[in-house]
2 protein chains.
Amino acid sequence: MKKYNVAVVGATGAVGEEIIRVLERRNFPVKELRLLASTRSIGKKLLFNNQPIAVQELKDEAFDGIDYAIFSAGAKRTREFASAAIRAGAIVIDNSSAFRLDPEVPLVIPEINPGDLKNHKGIIANPNCTAAILGTVLWPLHCEAKITRIIVSTYQSASGAGAQAMEELKQQVGQFVRNEAVTKSVFPHQIAFNVFSHNTKIEDNGYNEEENKVVKEIRKMFHEPHLPITATCVRVPVLRAHSESVVIETEKKLTPERARQILSHAPGVLVVDDRDKNHFPMPLAATGELDVLVGRIREDLSNPHGLALFISGDQLLKGAAWNAVQIVECLIHK
Amino acid sequence: MKKYNVAVVGATGAVGEEIIRVLERRNFPVKELRLLASTRSIGKKLLFNNQPIAVQELKDEAFDGIDYAIFSAGAKRTREFASAAIRAGAIVIDNSSAFRLDPEVPLVIPEINPGDLKNHKGIIANPNCTAAILGTVLWPLHCEAKITRIIVSTYQSASGAGAQAMEELKQQVGQFVRNEAVTKSVFPHQIAFNVFSHNTKIEDNGYNEEENKVVKEIRKMFHEPHLPITATCVRVPVLRAHSESVVIETEKKLTPERARQILSHAPGVLVVDDRDKNHFPMPLAATGELDVLVGRIREDLSNPHGLALFISGDQLLKGAAWNAVQIVECLIHK
């Protein structure tokens, strides 16, 4: 079996670590795993299949011989180093927002639009976590009944803002338990025992960056540039995995029974919808899962062509690391 | 100034305590405050305006001389004791779901339908907390532009399930901080660092009891028996105050500017909508407030006659104790 040289850029970050775990979990045919990060992490060792691998410096010369470079180090570093990786002959899979909306760059979820991979010019974008989780569940319903409107409200975990944000949540509950004053430095508001509008800038249309990403990225991946979508993105005091309350409208009437049947057979989706036991998707249950959980599948009481759903998915996996590795697997198997 | 004899039924519960605090805060003209509860709380003393008052047994004879009896002891106790209170000459304001949908019983939010009070037959129902918070904000928009559809997803605090549920959340974060196994007894799922579909029974239409209450109670209070509404009710690890992500459609186009203007002058509503500072309603900020906070007021990107909002309100106050006391104030001032 052919093996590949894989670089992970931003290897010491929350998503970087998950990429290493997913490569192990998938038994990915790795020849060399090269871990790249900024200078302050050089020499740090991370385990891959129980072997310690030293982190190397991220620089233009770091990509020699690399087949696939998975970037997860922010938009700035992608803009700085992606071209060096491509020049070295690597295909770049980028987790940042740098090129997601670039018409020259495919934005791909393998369950949705694997065909877009064939047009890549050396770089493929991985979608925003919230859009990835949402799109994976909605795509099979769109194929069946043509979605004409999406309304989504999210319940996003702290780790979506990085490992430090997750630590801040842990620190704040510790302070609460010890009766100390709660302090904050990562999020603009207390996250423990609180809920707040997503911590990204509000753009001119009144929506924050996260909400606008969901709208634009779903439209791009679905090849539906005018699909009506509205999103409300909210942080909740959860460590990991995002949840989403979704209402869709469809051109063709979609009964809950038919939707459940379609989703039961959809790749990347796991139906968790036990009404008798009140057992539905939860972030704790989605944590560590490659599949996205969906339940509460029911008719929208306010619209005969509407359907309501509740989704939980691990934003570090399907929302980031797993989708990126999955893209590489697709490229290899083509 | 005329003073009144007020009974609080379920005085030792989470809402009962809040009713006592609201009576103090409003400087309500109390002659006698009679605190009633089940036998296990008899003799327990609660402070009212710094005076200790002993809890008495809830029984048919307990209502002699009472003008207003505010019940917050569950539907079963209301069914058992409300008629005794009415026979004794009291007007009952009931926080439970026992009579909310009874066509003979007014279900009232003073900002919405105070006129319905005049038809009461001795008992007035206080709405469900989620419906109360939602209705208070939406009513002035309905008056202006006629709402034709409501889609709401909630972020409900632990204390909505009672004081014990709030203690369970505190206990679970304590266990987490001390690296102990997390245990549960009140909620069916772990609430710390988790999110789950509301812990009420799923009814035949696929919606849980809480969701169906929101639909039916809003319709009743708005006098719109067929208003299309769909709700998704979700618990989040917040101690107190519920939040709601809302999308409405209106017959007459309602711009965000006009909606903000209307809500700025609406009774019981406080607009918190600072896009530059990313400052919007949060449960921590709503806790202890009589008013309901609303922000993220923006056009629904998926519908030209749609408007999106985010709401936080103290479910123990406007969602329970405060609305009940406010009903009594209305009755007195008529």
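Structural notes, computed from the coordinates.

Reading the values: the criteria
Residues numbered from 1 in each chain as written. Chains lettered and ligands numbered in written order. Predicted model: local features only at pLDDT ≥ 70, side-chain atom pairs only at ≥ 80, totals over all residues. Heavy atoms only, no water. Axes fitted to C-alpha atoms, helices over the stretch in contact; angles between N-to-C directions. Helix = DSSP H or I, 4+ residues; strand = E, 2+ residues; numbered from the N terminus. Parallel < 35°, antiparallel > 145°, perpendicular 65-115°, else oblique. Left-handed = near helix turned anticlockwise from the far one by under 90°. Contact = heavy atoms within 4.5 Å. Buried < 20%, exposed > 50% of the residue type's maximum accessible area, 1.4 Å probe, protein only. Arc of directions from axis to C-beta. Salt bridge = Lys/Arg side-chain N within 4 Å of Asp/Glu carboxyl O. Pairing = 2+ DSSP bridges. Buried area = accessible area lost by both parts, 1.4 Å probe. Nonpolar A, V, L, I, M, F, W, Y, C, P; charged D, E, K, R; others polar. Least-squares fit on C-alpha atoms with pLDDT ≥ 70 in both. Phe/Tyr/Trp six-rings, centres within 6.5 Å; stacked < 30°, edge-to-face > 60°. Lys NZ or Arg CZ within 6 Å of the ring centre and 35° of its normal. Polar contact = N/O pair within 3.5 Å; in protein donor to acceptor, adjacent residues only side chain to side chain.

## Points about the packing of helix α3 (residues 129–145) of chain A against helix α5 (residues 209–222) of chain A
All names here are of chain A.
Stage number 1. Close contact between α3 and α5 brings their axes to 9 Å; oriented N to C, the two are set at 40°. Of the possible angle classes, the one that applies to α3 and α5 is oblique. Considering how the two elements wind past one another, α3 and α5 form a crossing that is right-handed. Residue-level inspection shows C129, T130, A131, L134, G135, L138, W139 and H142 of α3 in contact with α5, the latter providing E210, V214, E217, I218, M221 and F222.

## A few points about helix α6 (residues 256–264) of chain B
Residue and element names in this part refer to chain B.
Stage number 1. What α6 keeps buried is the set P256, A259, I262 and L263. Each buried residue of α6 sits inside an arc of 125° when the element is viewed along its axis, so together they form one side.
Stage number 2. In this fold, the buried residues of α6 make contact with α3 (129–145), β14 (269–271), β15 (292–299) and β16 (306–313).

## Here's the deal with the pattern of salt bridges
Stage number 1. A full pass over the atoms with the stated rule returns 40 salt bridges over all chains.
Stage number 2. Salt-bridge contacts for R149 of chain A lead to E249 of chain B; the nearest nitrogen and oxygen are separated by 2.5 Å. Of this pair, R149 of chain A sits in strand β9 (residues 147–155) while E249 of chain B sits in strand β13 (residues 242–250), each in a different chain.
Stage number 3. Residue E249 of chain B is classed as buried on the basis of its relative accessible area of 14%.
Stage number 4. In this structure, R149 of chain A engages D300 of chain B in a salt bridge whose closest nitrogen and oxygen atoms are separated by 2.6 Å. You can see R149 of chain A sitting in strand β9 and its partner D300 of chain B sitting in the loop between β15 and β16, one on each of two chains.
Stage number 5. What makes R149 of chain A buried here is its relative accessible area of 4%.
Stage number 6. Here the salt bridges do not stand alone but share partners, grouping R149, E249 and D300 of chain A together with R149, E249 and D300 of chain B into one network.

## Some thoughts on the sheet that holds strand β6 (residues 68–71) of chain B
Hydrogen bonds along the backbone pair up the strands of a sheet, which may run parallel or antiparallel.
All names here are of chain B.
Stage number 1. Strand order in this open sheet of 6 strands is β5-β2-β1-β6-β7-β8, and the pairing throughout is parallel. The open sheet has two free edges, formed respectively by β5 (56–57) and β8 (123–125), since each of these has just one partner strand.
Stage number 2. Inspection of the sheet shows β6 paired to strand β7 (residues 91–94) by 4 bridges, in the parallel sense. Note that in β7 the partner of Y68 across the bridge is I91.
Stage number 3. Sitting on the sheet, helix α8 (residues 317–333) is in contact with β1 (4–9), β6, β7 and β8, with an inclination near 160° to β6.

## Topic: the interface of chain B and chain A
Stage number 1. Facing 64 residues of chain B, the contacting portion of chain A comprises 63 residues.
Stage number 2. Summed over both partners, the interface of chain B with chain A comes to about 5,000 Å²; 61% of that surface belongs to carbon and sulfur atoms.
Stage number 3. Per-class residue counts for the side of chain B that touches chain A are 30 nonpolar, 22 polar and 12 charged.

## Details of the relation of the copies chain B and chain A
Stage number 1. If you rotate chain B by 180° and push it 0.0 Å along the axis, it lands on chain A with an RMSD of 0.0 Å. Such values leave the two copies arranged in the relation of a two-fold axis.

## Brief notes about the packing of aromatic side chains
Stage number 1. Going through the model one piece at a time under the given rule, you end up with 15 aromatic pairs over all chains.
Stage number 2. For the pair Y155 of chain A and Y155 of chain B, a centre-to-centre distance of 4.1 Å together with 25° between the ring planes defines the contact as stacked. Of the two residues, Y155 of chain A sits in strand β9 while Y155 of chain B sits in strand β9 (residues 147–155), which places them in two different chains. In this structure, Y155 of chain A and Y155 of chain B share a single accessibility class: buried.
Stage number 3. Ring geometry for F176 of chain A against F193 of chain A: centres 4.5 Å apart, planes inclined by 50°, an arrangement best described as tilted. Note that F176 of chain A is positioned in helix α4 (residues 163–177) and F193 of chain A in the loop between α4 and β10 (196–197), a separation of 17 residues in sequence.
Stage number 4. With relative accessibility at 28%, the residue F176 of chain A sits in the partly exposed group.
Stage number 5. Of the residues examined, F193 of chain A reaches a relative accessible area of 5% and is grouped as buried.
Stage number 6. Joined through ring pairs, the aromatic side chains of Y155 and F310 of chain A together with Y155 and F310 of chain B make up one cluster.
Stage number 7. R298 of chain A extends its terminal NZ or CZ atom over the ring of Y207 of chain B, reaching a point 4.3 Å from the ring centre.

## So, the packing of helix α1 (residues 14–25) of chain A against helix α8 (residues 317–333) of chain A
Any two packed helices are characterised by the angle at which their axes cross and by the distance between the axes.
Residues and elements named next belong to chain A.
Stage number 1. It is the contact of α1 with α8, at a shortest axis distance of 9 Å, that shows an interaxial angle of 50°. As far as their axial angle goes, α8 and α1 are oblique. For α1 against α8, the interelement crossing comes out right-handed. Every residue of α8 that contacts α1 at V15, E18, I19, V22, L23 and R25 is listed here: L317, A320, A321, W322 and V325.

## A short note on the environment of D102 of chain B
Residues and elements named next belong to chain B.
Stage number 1. Considering the arrangement of structural elements, one finds D102 in the loop between β7 and β8.
Stage number 2. When the C-alpha atoms of D102 and A125 are compared, they prove to be 9.2 Å apart, with 23 residues separating the residues in sequence.
Stage number 3. Within the structure, the side chain of D102 is placed 2.8 Å from the backbone nitrogen of E104, a separation counted as a polar contact.

## Re the environment of I297 of chain A
Residues and elements named next belong to chain A.
Stage number 1. Mapped onto the elements, I297 comes out in strand β15 (residues 292–299).
Stage number 2. With relative accessibility at 0%, the residue I297 sits in the buried group.
Stage number 3. Distance in space between the C-alpha atoms of I297 and R275 is 9.8 Å, their sequence separation being 22 residues.

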